[in-house]
2 protein chains.
Amino acid sequence: MGSVHWQDQDTSNCSIGRTWDIMGKPWVLLILREVFRGLHRFDDIRRHLGISEPVLSRRLHGLVEEGVLERRPYRTPGNRTRDEYHLTEAGLELFPLLVALKAWGDRHLAGPEGPATVHEHQGCGRPVVLELRCTADHRLEGVEGVEARSGPAARALARE
Amino acid sequence: MGSVHWQDQDTSNCSIGRTWDIMGKPWVLLILREVFRGLHRFDDIRRHLGISEPVLSRRLHGLVEEGVLERRPYRTPGNRTRDEYHLTEAGLELFPLLVALKAWGDRHLAGPEGPATVHEHQGCGRPVVLELRCTADHRLEGVEGVEARSGPAARALARE
DNA sequence: CGGTATCCTGAAAGATACTG
DNA sequence: CAGTATCTTTCAGGATACCG
């Protein structure tokens, strides 16, 4: 069978689209930002974001189901145990996504004062940046130099 | 008190929120994915995504306005000139964002066949990856080792 | 405090028809 | 081909009330 022409590929099975199906819902990325910042409890997140309870509840459930967050029981003295929401291994791997979002915003949308938060390498104290490189350790300056090719799961686009 | 619609919330002080205000709208990232893939014309994008014309039109206008895309006139023989949509400098800088999205999806949501597209370093042929490092060139393995601190534009959270 | 159930509402996606 | 205008409809977020 002939190879699929690159522009006729069906993108519905694309990883960007799939990830987007989870992360693209309203509030999700903002919720994750708060969890990365160290907020783990329902009401803390709710108050910081100004999100309504039902939506926050729904989103947290969804993220637990997707394996991005996990419940972790805790109890404050005198109260029954409750659940905190923490990032799973998979969730922690979303950090670059947030960094990418933040980096672009810092560069193109920041106010005159600069960013509200900075990420530093602990100990070293230098700013953290995202870098594109290949596995042979060549640094890439941007999209030029990158070639997109059909992968194993490429499918042809259905004709109309 | 006037309620704040979720898209009008005060994200003005956070780069993630600001970027999200643009990129978080439905279809936007998928549209950009197509443009990065080399699709530049209205109908091509429309057919590949299955998006409705009014929405595509609105999104393209928005992205032009935000400085992410620019119109570039072209003409096919015998027809009047039309516009293609191309990434601006700022738009090209969104590439890491798409890579981050794709990388996470490849790792956590891919089917058994693997990814539908692969990005390679041109010439070298090795896969392209996104790496977190600090400006002193220390490679970071993830969020551990990253310290988030208040930046110049930090503001206190308004009391309720 | 940490949610769930219900209802209401509005924004925005899609279908369709039309235009240059 | 590249859109715009209009209309309909759906869906999801917010308010509110309530429960363990």
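Residues numbered from 1 in each chain as written. Chains lettered and ligands numbered in written order. Predicted model: local features only at pLDDT ≥ 70, side-chain atom pairs only at ≥ 80, totals over all residues. Heavy atoms only, no water.

A.B. asks: Even after reading the chapter, I still don't get the relation of the copies chain B and chain A, so can you show me in this structure?
C.D. replies: Between the two copies of this chain, the relationship is a rotation about some axis together with a displacement along it. For the pair chain B and chain A, the superposition axis carries a translation of 0.0 Å, the fit reaches an RMSD of 0.1 Å, and the rotation angle comes to 180 degrees. Overall, the copies show the geometry of a two-fold rotation axis. The C-alpha atom lying nearest the rotation axis in chain B is that of E131(B); the distance is 2.5 Å. By residue overlap, the copies meet face to face through one surface: 95% of the interface positions of chain B are interface positions in chain A. (Least-squares fit on C-alpha atoms with pLDDT ≥ 70 in both. Contact = heavy atoms within 4.5 Å.)

A.B. asks: Any chance you could explain the protein's contact with DNA strand D here in plain terms?
C.D. replies: Taken together, 23 residues lie near DNA strand D, and R59(A), F42(B), S57(B), Y74(B) and R82(B) sit nearest. Near the protein, meaning within 4 Å, the atoms of DNA strand D are sugar or phosphate in a fraction of 74%, with bases accounting for the rest. Within the side chain of R58(A), a nitrogen or oxygen atom sits 3.1 Å from a phosphate oxygen of DNA strand D. One of the side-chain nitrogen or oxygen atoms of Y85(B) is found 3.2 Å away from a phosphate oxygen of DNA strand D. The biggest single contributor to the surface near DNA strand D is helix α4 (residues 53-65) of chain A, with five residues. (Near = heavy atom within 4 Å. Polar contact = N/O pair within 3.5 Å; in protein donor to acceptor, adjacent residues only side chain to side chain. Helix = DSSP H or I, 4+ residues; strand = E, 2+ residues; numbered from the N terminus.)

A.B. asks: Can you help me understand the interface of chain B and chain A in this one?
C.D. replies: Contacts between the two partners involve 85 residues from chain B and, on the opposite side, 87 residues from chain A. The contact between chain B and chain A buries some 8100 Å² in all, and 62% of this surface belongs to carbon and sulfur atoms. It is I16(B), W20(B) and W104(B) in chain B that bury the most area against chain A; as a group they hold 9% of the surface buried on that side. Joining chain B to chain A, the criterion identifies eight salt bridges. Ionic pairing is found between R107(B) and E93(A), a salt bridge with its closest N-O pair at 2.6 Å. Along the contact surface separating chain B from chain A lie 36 residue pairs in polar contact (both at pLDDT 80 or more). Per-element tally for the side of chain B that touches chain A: the top contributor is helix α6 (residues 95-108) of chain B, with 13 residues. With five bridges joining them, strand β3 (residues 117-121) of chain A and strand β6 (residues 146-150) of chain B adopt antiparallel strand pairing. Bridge pairing in β6(B) links H121(A) to V146(B). (Buried area = accessible area lost by both parts, 1.4 Å probe. Salt bridge = Lys/Arg side-chain N within 4 Å of Asp/Glu carboxyl O. Pairing = 2+ DSSP bridges.)

A.B. asks: What should I look at first to understand the pattern of salt bridges in this one?
C.D. replies: It is possible for side chains bearing opposite charge to pair when their charged atoms get close. Under the defined criterion, the tally for this structure stands at 28 salt bridges over all chains. Residue R41(A) pairs with E84(A) through a salt bridge whose shortest N-O separation is 2.8 Å. Of this pair, R41(A) sits in the loop between α2 (28-37) and α3 (42-49) while E84(A) sits in strand β2 (residues 82-87), placing them 43 residues apart in sequence. Judged by relative accessible area, R41(A) falls into the partly exposed class, the value being 29%. R149(A) is the salt-bridge partner of E120(B), the closest N and O atoms lying 3.0 Å from each other. Here the residue E120(B) occupies a position in strand β3 (residues 117-121), and R149(A) occupies one in strand β6 (residues 146-150), the pair thus bridging two chains. Since its relative accessible area comes to 38%, R149(A) is described here as partly exposed. Taken together, the shared-partner salt bridges connect D43(A), D44(A), R46(A) and R47(A) into one network. (Buried < 20%, exposed > 50% of the residue type's maximum accessible area, 1.4 Å probe, protein only.)

A.B. asks: Would you take a moment to explain the packing of aromatic side chains for this structure?
C.D. replies: Each aromatic ring pair is summarised here by two numbers: the centre-to-centre distance and the angle between the ring planes. One pass over the full model with this rule turns up three aromatic pairs over all chains. Measuring from ring centre to ring centre gives 5.9 Å for W20(A) and W20(B), while their planes differ by 45 degrees; the resulting arrangement is tilted. A residue pair is termed interchain when its members come from two chains, as with W20(A) in helix α1 (residues 15-23) and W20(B) in helix α1 (residues 15-23). In this structure, W20(A) and W20(B) share a single accessibility class: buried. In this arrangement the basic side chain of R41(A) is found over the ring face of Y74(A), its NZ or CZ atom lying 3.7 Å from the centre. (Phe/Tyr/Trp six-rings, centres within 6.5 Å; stacked < 30°, edge-to-face > 60°. Lys NZ or Arg CZ within 6 Å of the ring centre and 35° of its normal.)

A.B. asks: I keep staring at the environment of R71(B) and nothing clicks. Help me out?
C.D. replies: All names here are of chain B. Mapped onto the elements of the fold, R71 is located in strand β1 (residues 69-74). Owing to a relative accessible area of 33%, R71 belongs among the partly exposed residues under this scheme. R71 sits 15 residues away from H86 along the chain, and the two C-alpha atoms are 6.4 Å apart.

A.B. asks: What am I meant to see in unusual backbone geometry here?
C.D. replies: Despite not being glycine, D137(A) has its phi angle at roughly 70 degrees, a positive value. When you line up the elements, D137(A) lands in the loop between β4 (128-134) and β5 (139-140). In the Ramachandran plot, W27(B) falls in the positive-phi region, its phi being about 80 degrees despite a non-glycine side chain. In this structure, W27(B) sits in the loop between α1 and α2 (28-37). A relative accessible area of 29% places W27(B) in the partly exposed class.

A.B. asks: Looking at this structure, how should I read α4(A)?
C.D. replies: In an α-helix, one turn spans 3.6 residues; hence positions three or four apart end up facing the same way. All names here are of chain A. Taking 1.5 Å per residue as the helical rise, α4 with its 13 residues ought to reach 18 Å, and the 18 Å between its terminal C-alpha atoms agrees with that figure. Residues of α4 that are buried: V55, L56, R59, L60 and L63. For α4, the angular spread of the buried residues around the axis is 130 degrees, confining them to a single face. Every exposed residue of α4 that faces more than 90 degrees away from the buried side is listed here: P54, R58 and E65. Immediately beyond the C-terminal end of α4, within one or two residues, lies G67, with a positive phi of roughly 85 degrees. (Expected span 1.5 Å × (residues − 1). Arc of directions from axis to C-beta.)

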